[in-house]
Amino acid sequence: MNRSSIFRLRPAVLLLASTFTCTVALGQVAGTLPHATAPSNAQLASPEIERRVDALLKQMTLEEKIGQLVQYNDQGFSAPTPSAGDQALAANPETKTEVDAMALAKQGRLGSMLNVIGAEKTRAFQEAAMHSRLHIPILFGADVIHGYRTIYPVPLGLAASWDTALVEDLSHMAATEATTAGVKWFYSPMVDISRDARWGRSTEGAGEDPYLGSAMARAYVRGYQGNDLSRPDHVAASVKHFAAYGAAEAGREYNTTDMSDIRLRQVYLPPYKAAVEAGAATMMSSFNALNGVPATANPYVMDEILRKEWGFNGFVVSDYTAVMELTHHGIALDAATATEKALEAGVEVDMMSHFYDTQIPRLLAEHRLSMATVDEAVRRVLRVKFALGLFEHPYAHGTEVTHAVPAHRPLVRRAAEESFVLLRNAPAGGKPVLPLGNQVKSVALIGPLADASNEMQGAWGGATQASDVVTLRQAMERRMQQHGGHVLFAHGTDILGDSATGFDAALQAARQADVVVMALGESSEMSGEAGSRAHLDLPGNQQQLLEKIAATGKPVVLLVFSGRPLVLDWAAQHVPAIMAVWFPGTEAGNALANVLFGDAAPSGKLPMSFPRAVGQEPLYYAQFPTGRPAGDADLSKPPSGGETRFVSRYIDVPNDALFPFGYGLGYTSFAYSDVRVSRGTLPLVEANRPGARSLVTVTATLTNTGKREGTEVAQLYVRNLGASVEQPVRSLKGFQRVTLKPGESRQVRFELGFPELSFYDVHSRQVVEPTHYTVWVGGSSQAREQADFDVTP
Ligand code: BGC
C-alpha cells in the first residue's frame with residue numbers, strides 16, 4: 001500500500017497524572033489565568049448562524065444529533081470492541097466492526113467523513129445526506145498536509161523557507177485544488193513543536209521553535225480559511241495535534257509526554273494558540289497522554305485552556321480512533337466511559353472509534369451525560385458547516401483537479417527552492433563547489449533518491465500521482481543536454497538494504513565525471529506518522545557508498561533527502577558540499593537543478609537543529625542554563641581534569657548542534673553590524689501589559705558582502721537574565737527575509753512588545769519582570785552582534 005497516498009487504509013484497530021491539578025488549582029485560586037472575552041472566530045459567532053443552528057437543532061432526533069458527532073471513512077470499517085472486553089458494548093446491537101457509511105449518510109446520521117477522495121465519491125455520499133430528512137450536508141475532511149494534487153515540500157522543509165507569505169499562498173493553492181473534489185476541511189496545519197529528530201512526525205511540523213512555529217501556523221490558517229470560510233475555494237483548518245504530541249518521550253511515536261505547565265505554555269502551546277487566534281475553525285486532539293491524562297480526555301487543555309482561556313468557538317475532532325484508545329491508556333475500562341470522558345473534556349467528533357454512536361444513548365439513559373452536552377457539541381459542528389456555506393453549496397465546486405496543475409508548478413517549484421538549506425559549500429579547485437557552472441560537462445548522478453518520483457512526494461503525498469513528479473535525473477539530463485554536457489546516472493544502492501552490487505557502476509560513473517551529485521537519505525516512509533527512528537544516520541549502506549565515492553577525490557555534492565535532521569558528522573568533514581533538501585514535492589527535480597546550477601540560490605535556514613550524535617536528542621538551541629555551564633571549555637576533546645569534566649557536557653561529543661537552528665548558507669555572504677536598541681531602559685509598568693506592542697525597537701545593518709544577489713533570513717534572538725524563572729539562553733523573537741544586491745546594505749527592524757518580552761512564571765502567569773535583556777541579530781541562532789537594555793522596576 002502506498003502510504004504517501006491519503007487513500008491509505010489503516011489497520012482496523014491501532015493496538016497498540018502527575019496531572020495539572022496543581023497548576024489548575026494555582027490558576028483558579030489566584031484567579032490569574034486570563035479568560036477570553038471574545039470568541040476566536042467571529043464568523044462562527046454570527047447571530048444569523050446561531051439562529052439557523054437553533055432552528056435546526058430543534059428538529060433533530062437524538063440519532064441525527066449523534067450523527068453529527070461521528071466520522072467515518074468510506075472503507076466501511078472501524079475500531080472493534082476494545083480489548084478490555086466491555087460486556088455492555090458487546091451486548092449493544094449496534095456494535096460491529098463494520099460501518100455502512102452510505103447507509104448512515106442516507107439516514108442523516110453521518111456528520112463528517114475523512115479521506116474520501118474524488119468528486120464522484122464525495123457527491124455520492126453528499127447526495128445521500130442531502131436527501132435525508134433534514135438535508136444536513138456532510139463535511140468532507142482530508143489530510144491535505146503539503147498539497148492536494150500539486151505537492152510542495154513537507155512542512156518541515158517549508159518551514160526552512162521562513163517565508164510565511166509563501167506558505168499562505170501554497171495553502172490557498174491546495175484549498176483551490178481540493179475543493180474541486182468536495183473537500184472542505186483539511187487536517188492541517190500540524191503545529192506540534194518537535195525537538196527530537198527521532199520523532200518521525202517532525203516532518204509534518206515547523207520544527208523546534210515556538211516563534212517560527214506560530215508564524216507558520218498563522219500562515220497555514222490564513223491560506224486555508226482566508227477571511228471568509230464560505231468562499232467556495234476556502235476550507236476549514238484542523239489544527240493538530242492538540243496538545244504537545246511532539247514531546248513524545250524518547251521520540252517514540254504515540255509515547256507519553258510529561259512536562260511543567262511553564263514548558264507547556266512557553267514552548268508547546270504557542271503555535272496552537274496562534275492558529276486559534278488566526279481563526280482556525282477546528283482542532284484535532286492528540287494521541288498522547290499529557291502529564292498522565294490522555295489529550296483526548298484532558299479537560300485542562302481542551303476546556304480550561306482551549307475554550308476558556310483562548311475562547312475557541314470551533315469544534316474538536318479526535319484523532320483516528322483516539323477515543324477508543326482511551327481504553328488502552330487505561331483511563332476508561334469500557335467504551336461508555338471513554339465516550340463520556342472524551343465528550344465531557346470537549347472532543348465533539350469521534351473519528352473512527354465507533355464509540356459515540358454506540359455509547360451516547362446509553363450514557364444519556366444512565367444520566368452520565370446531559371443532553372445539553374450533546375447539544376453543545378452538535379451546535380459547534382453545525383456552526384462550522386453553516387459558516388462554510390455547505391448548506392447552500394454542498395457539492396464540489398468547479399472542474400475537478402485530478403492531476404498536478406501546470407499553473408501551480410512555478411509556485412511549488414519556488415517553494416522547493418526556498419526550502420533547501422545549504423549546509424556546507426567548501427572550495428574544490430579554488431572555488432566553492434556550488435553552484436555548478438556551465439563549464440561542468442559531465443555530472444555523475446548517484447543514489448537511490450535521484451530518480452525516485454514517489455519518494456519526492458514526502459510523508460503525506462496528498463492525492464497526487466508519482467507520474468506528475470519531475471525527478472532530479474530527468475531535470476538534470478534535460479539541463480545538461482541543453483548545455484552540451486551529459487549525466488552519468490547510477491542508482492548506487494537502495495535506500496535500505498546491504499547489497500553493494502551497484503557500487504562498482506557508481507564508482508565508474510564518478511571517476512568519469514567532472515563532479516558527483518549524490519542523492520541520498522531516507523525514504524518518505526521513514527518519517528511521518530509511526531516513523532520514529534533510533535538511528536539518524538544515512539540508512540542502509542548509503543554511508544559506505546558515500547565514503548567510497550568521496551575517496552575517488554572528485555568534488556562531491558551531497559543532497560540529503562529526509563523528513564528530519566540526520567546525523568551527518570562524517571559528511572561534514574569529508575564532503576565539500578551538502579544540502580538538506582527534505583522531500584521537495586512535484587517539482588523536486590527542476591527546483592534542485594535550478595539551485596545546483598545557480599539559476600536560483602539556496603536561502604533556507606534550519607527549522608530544527610542537526611545533531612552530531614543521536615544521543616544529543618532532544619536537541620534545541622533554546623536550551624536552559626545550568627549551574628555548571630561548559631563556558632569556553634573545548635568540548636571536542638574528552639575532559640582532561642576537574643575544570644573540563646564537572647560541567648554540563650558529554651565526555652564524547654560536544655553539546656552543540658552540528659548545524660544549528662537558523663543556520664543555512666547561500667551563494668553570497670552577509671554581514672551584520674550596528675545592532676542597536678531604541679532605548680536602554682523600559683519601565684516595568686509600561687512593559688507589563690498584554691496589549692503592549694513596539695516597546696523596544698531593535699535595528700541592525702545587513703550587508704550583502706558577496707558577489708551575487710541573495711536572500712538572507714535575518715533573525716532576532718532575545719535573552720533575559722534575572723527573572724524569577726530561568727529563561728532559555730536565547731529565544732527567537734523576530735525574523736525577516738531580505739533580498740539584497742551585491743554590496744547593498746539595508747537596515748532591518750524588529751519590534752519587541754509584551755508578547756516577545758514576557759514569559760510564564762511559576763503561577764502560569766504571562767509576565768514581564770524587571771530584568772536585563774540581551775538581543776542578538778544575525779543569520780542563525782549563533783548570531784553574535786548584540787545590544788542590551790533593562791526593564792526597570
Ligand atoms: C493522524 C492524523 C490524521 C488522521 C486522519 C491520524 O492517524 O495522526 O494526523 O489527520 O489520522 O487521517
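Computed from a predicted model, the values in this text were never measured in an experiment.

> What should I look at first to understand the overall build of the chain in this one?
The helix and strand inventory of the chain stands at 24 helices and 28 strands. For the chain, the C-alpha radius of gyration of 27 Å lies close to 28 Å, the compact-globule estimate for 793 residues. Reported as C-alpha extents along the three principal axes, the dimensions of the chain are approximately 80 × 65 × 45 Å. A total of 793 residues make up the chain; the buried ones form 63% of that total. Summing over all exposed atoms, the chain offers an accessible surface of approximately 27,700 Å²; the carbon and sulfur share of this is 51%. Within the chain, the 82 negative side-chain charges are centred at a point lying 4 Å from the centre of the 70 positive side-chain charges.

> I tried to follow the sheet that holds strand 2 (residues 112-114) on my own but got confused; where do I start?
In sheet architecture, strand pairing relies on hydrogen bonds along the backbone and comes in two forms, parallel and antiparallel. Here eight strands make up an open sheet; going across it, the order is 9-6-5-4-3-2-1-10 and the pairing parallel. Every interior strand has two partners, whereas the edge strands, strand 9 (315-317) and strand 10 (350-351), have only one. Two elements, strand 1 (residues 70-72) and strand 2, share two bridges in a ladder whose sense is parallel. Within strand 2, the position partnered with Gln71 by the bridge is Ser112. Contacts from helix 9 (residues 210-225) reach strand 4 (185-186) and strand 5 (236-242), with the element oriented near 150 degrees to strand 5.

> What's the story with the confidence of the model for the chain in this structure? I'm lost.
The predicted coordinates should not be examined in detail at positions where pLDDT is low. Taken over all residues, the pLDDT of the chain has a mean of 93, while the share at 70 or more is 93%. Segment residues 1-32 is flagged for pLDDT under 50; beyond a separation of four residues in sequence, or across chains, it makes 79 contacts in the model. Note on residues 81-95: pLDDT is under 50 here. Beyond four places in sequence and across chains, it has 27 contacts.

> Is there a simple way to explain the layout of surface pockets in this structure?
Here the idea is plain: a probe the size of a water molecule rolls over the atoms and shows the empty space left. Here the second largest pocket is characterised by a volume of approximately 1,200 Å³. Tyr621, Gln623, Asn655, Asp656 and Val729 are, among the 36 residues lining the second largest pocket, the residues nearest its centre. Class assignment of the residues belonging to the lining of the second largest pocket gives a composition of 18 nonpolar, 10 polar and eight charged.

> How should I be thinking about the nonpolar core in this particular structure?
As a rule of thumb, soluble globular proteins bury nonpolar side chains together. Within the largest apolar cluster, 140 residues are counted, with the highest numbers of intra-cluster contacts made by Phe242 and Leu264. Beyond its immediate stretch of four places on either side in the chain, Phe242 contacts Leu269, Tyr272, Met283, Met284, Ser285, Ser286, Ala295, Val301, Met302, Leu306 and Trp310. In this structure, Ala416, Ile446, Ile495 and Leu520 belong to the second largest nonpolar core, which totals 81 residues.

> Is there a simple way to think about the sheet that holds strand 21 (residues 696-704) in this case?
Spatially, 19-21-24 is the arrangement adopted by the three strands of the open sheet, whose pairing is antiparallel. The sheet is open, and its two borders are formed by strand 19 (670-677) and strand 24 (745-752), each paired with just one other strand. Between one strand and the next, the sheet's axes are offset by a mean angle of 20 degrees, whatever the strand orientation. Where strand 19 and strand 21 come together, six bridges link them in antiparallel fashion. Its bridge partner being in strand 21, Ser673 is matched across the sheet by Thr701.

> Explanation requested: the pattern of salt bridges in the structure shown.
Pairing is possible between side chains of opposite charge, provided their charged atoms come close. Per the stated rule, a full pass over the model turns up 46 salt bridges. Across the pair Arg51 and Glu48 runs a salt bridge whose closest N-O atoms are separated by 3.1 Å. In this pair, Arg51 and Glu48 are both assigned in helix 2 (residues 47-59), three residues apart and thus about one turn of the helix distant. A salt bridge links Arg746 to Glu744; its shortest N-O distance comes to 3.3 Å. A relative accessible area of 36% means that Arg746 is categorised as partly exposed. For Glu744, a relative accessible area of 28% corresponds to the partly exposed category. Where salt bridges share partners, they join Glu50, Asp54, Arg379 and Arg383 into one cluster.

> In this structure, what is going on with unusual backbone geometry? I would like to understand it.
In this structure, the amide linkage connecting Phe242 to the following residue, Ala243, adopts the cis form with an omega of 10 degrees. Structurally, Ala243 can be placed in the loop between strand 5 and helix 10 (261-277). Positioned with a positive phi, Trp162 is a non-glycine residue whose angle comes to about 50 degrees. Mapped onto the fold, Trp162 is located in the loop between helix 7 (155-159) and helix 8 (164-178).

> Please clarify how the packing of helix 8 against helix 9 should be interpreted in this entry.
Two packed helices can be described by the angle between their axes and the distance between those axes. The N-to-C vectors of helix 8 and helix 9 enclose an angle of 35 degrees; their axes lie 7 Å apart at closest approach. Every pair of crossing elements has a handedness; the one defined by helix 8 and helix 9 is right-handed. Across from Thr164, Val167, Glu168, Ser171, His172 and Ala175 in helix 8, the residues of helix 9 making contact are Ala215, Met216, Ala219, Tyr220, Arg222, Gly223 and Tyr224. A per-class count over the contact of helix 8 with helix 9 returns seven nonpolar, four polar and two charged.

> Is there a simple way to explain the packing of aromatic side chains in this structure?
When we look at a pair of aromatic rings, we describe it by the centre distance and by the angle of the planes. In total, this model carries 19 aromatic pairs according to the counting rule given. Judged by centre distance (5.4 Å) and plane angle (50 degrees), the rings of Trp162 and Phe661 are tilted. One end of the pair, Trp162, is in the loop between helix 7 and helix 8; the other, Phe661, is in the loop between helix 22 (642-645) and strand 19, with 499 residues separating them in the sequence. Residue Trp162 shares its accessibility class with Phe661, and that shared class is buried. These aromatic residues form a ring-pair network of at least three members: Trp162, Tyr211, Tyr621, Phe661, Tyr717 and Phe735. In this arrangement the basic side chain of Arg123 is found over the ring face of Tyr395, its NZ or CZ atom lying 4.2 Å from the centre. Above the ring of Trp460, the side-chain terminus of Lys240 is found at 5.5 Å from the ring centroid.

> Before we go on, may I ask you to explain the environment of Phe597 in this structure?
In this fold, Phe597 is placed in the loop between helix 21 (588-596) and helix 22. When near neighbours in sequence (up to four residues on either side) are disregarded, Phe597 contacts Pro435, Leu436, Met476, Arg479 and Met480.

Cut-offs applied
Residues numbered from 1 in each chain as written. Predicted model: local features only at pLDDT ≥ 70, side-chain atom pairs only at ≥ 80, totals over all residues. Heavy atoms only, no water. Helix = DSSP H or I, 4+ residues; strand = E, 2+ residues; numbered from the N terminus. Rg over C-alpha atoms; globule rule 2.2 N^0.38 Å. Buried < 20%, exposed > 50% of the residue type's maximum accessible area, 1.4 Å probe, protein only. Areas by Shrake-Rupley, 256 points an atom, 1.4 Å probe, with all protein chains shown as cover. Lys, Arg positive; Asp, Glu negative; His and termini not counted. Charge placed at Lys NZ, Arg CZ, Asp CG, Glu CD. Pairing = 2+ DSSP bridges. Contact = heavy atoms within 4.5 Å. Axes fitted to C-alpha atoms, helices over the stretch in contact; angles between N-to-C directions. pLDDT = per-residue confidence, 0-100. 1 Å grid on protein atoms, 1.4 Å probe; cavity = no way out; pocket = protein on both sides within 12 Å on 5 of 7 lines; lining within 4 Å. Points joined across faces, edges and corners; volume = space filled by probe spheres on them. Nonpolar A, V, L, I, M, F, W, Y, C, P; charged D, E, K, R; others polar. Core = buried A, V, L, I, M, F, W, Y, C linked by side-chain atoms within 4.5 Å. Salt bridge = Lys/Arg side-chain N within 4 Å of Asp/Glu carboxyl O. Left-handed = near helix turned anticlockwise from the far one by under 90°. Phe/Tyr/Trp six-rings, centres within 6.5 Å; stacked < 30°, edge-to-face > 60°. Lys NZ or Arg CZ within 6 Å of the ring centre and 35° of its normal.

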